Amino acid sequence: MKKHLKLYFVMGSVNCLKNPVEVLSEAIDGGITMFQYREKGKGALEGEDKLQLGKKLQSLCNQNNIPFIVNDDINLALELDADGIHIGQEDGDVSKIRKFIGRKILGVSAHDLSEATEAVKTGANYIGVGPMYETKTKLDTNEVAGPDMIRQLRQNNIEIPIVGIGGINQQNLKPVINAGADGVALISAISSLKQPREAASNLIESINDSFVNE
Ligand code: 3NM
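Not measured: the values here are computed from a predicted model.

Asker: Can you walk me through the packing of helix H2 (residues 20-30) against helix H3 (residues 47-63) in this structure?
Answerer: In helix packing, the relevant descriptors are the interaxial angle and the interaxial distance, both defined with respect to the helix axes. Across the interface, H2 lies against H3 with an axial gap of 10 Å and an inter-helix angle of 15 degrees. As far as their axial angle goes, H3 and H2 are roughly parallel. For H2 against H3, the interelement crossing comes out right-handed. Counted together, Pro20, Val21, Leu24, Ser25 and Ile28 of H2 and Leu53, Lys56, Leu57, Leu60 and Cys61 of H3 form the full contact between these two elements. Tallied by class, residues from the contact of H2 with H3 come to eight nonpolar, one polar and one charged.

Take a look at the structure:
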């Protein structure tokens, strides 16, 4: 799990400057290690359109051995037979979802020690901790927790794989890794750039450097 979390690209059509299939294809070429289909927000696709884009993105992931995770939508995750699902604190009973999806990857957003402890107990495979920094991409985020939240979780024996999320870019990712994260999850630092391939390639290089220089 940990190696897949290194550079976890999250995106939906509303986050992209150009065709999402092109963006994902370039991001994969650049070196992302996992992908989450998060079709959310104003103007997001629904129903059949959401399903069809999901199929295209999943197929790209499958061809490149990149785990394909669906955000929130359990029915879509099951219909596509995705590799996993990522859910927030508001998205229902985690233990029930764990039973429902069987052995698929289950990611849970956690913002503090109690949420992280609960996620571990209920069978999450990894937790997403955020926001690390200010972000304009998600409007209803909690207050900025900062990399220090990850450090606190590690100090309190949370050993599950952790990915930091929220406002992460090339310049500020190192403190997230140094705090004990196994990787970074991000949207705009890849999806809103004109050159997603270069963005991903620079990001993975910085992440690898951060692990070496820990
Ligand atoms: N979850 P960007 S922050 C999807 O704090 C999401 O749980 C967050 O987008 C959390 O990389 C966030 O563009 C948005 O800041 C991440």
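Back to the write-up after that little detour.
Asker: Sorry if this is basic, but what is going on with the site of the ligand here?
Answerer: Within the structure, the ligand sits among 14 residues, and Thr135, Thr137, Gly167, Ile187 and Ser188 are positioned closest to it. Note that an oxygen atom of the ligand is positioned 2.6 Å from one of the side-chain N or O atoms of Thr135. Between the ligand and Ser188, the relevant distance is 2.5 Å, taken from an oxygen atom to a side-chain nitrogen or oxygen of the residue. Relative to its free-state accessible area of 420 Å², the ligand is covered by the protein chains to the extent of 95%. Of all the cavities here, the one that holds the ligand is the largest pocket. Residue composition of the shell around the ligand, by class: four nonpolar, eight polar and two charged.

Scoring rules and cut-offs
- Residues numbered from 1 in each chain as written.
- Predicted model: local features only at pLDDT ≥ 70, side-chain atom pairs only at ≥ 80, totals over all residues.
- Heavy atoms only, no water.
- Axes fitted to C-alpha atoms, helices over the stretch in contact; angles between N-to-C directions.
- Helix = DSSP H or I, 4+ residues; strand = E, 2+ residues; numbered from the N terminus.
- Parallel < 35°, antiparallel > 145°, perpendicular 65-115°, else oblique.
- Left-handed = near helix turned anticlockwise from the far one by under 90°.
- Contact = heavy atoms within 4.5 Å.
- Nonpolar A, V, L, I, M, F, W, Y, C, P; charged D, E, K, R; others polar.
- Near = heavy atom within 4 Å.
- Polar contact = N/O pair within 3.5 Å; in protein donor to acceptor, adjacent residues only side chain to side chain.
- Areas by Shrake-Rupley, 256 points an atom, 1.4 Å probe, with all protein chains shown as cover.
- 1 Å grid on protein atoms, 1.4 Å probe; cavity = no way out; pocket = protein on both sides within 12 Å on 5 of 7 lines; lining within 4 Å.
- Sits in = over half its atoms within 2 Å of the grid points.

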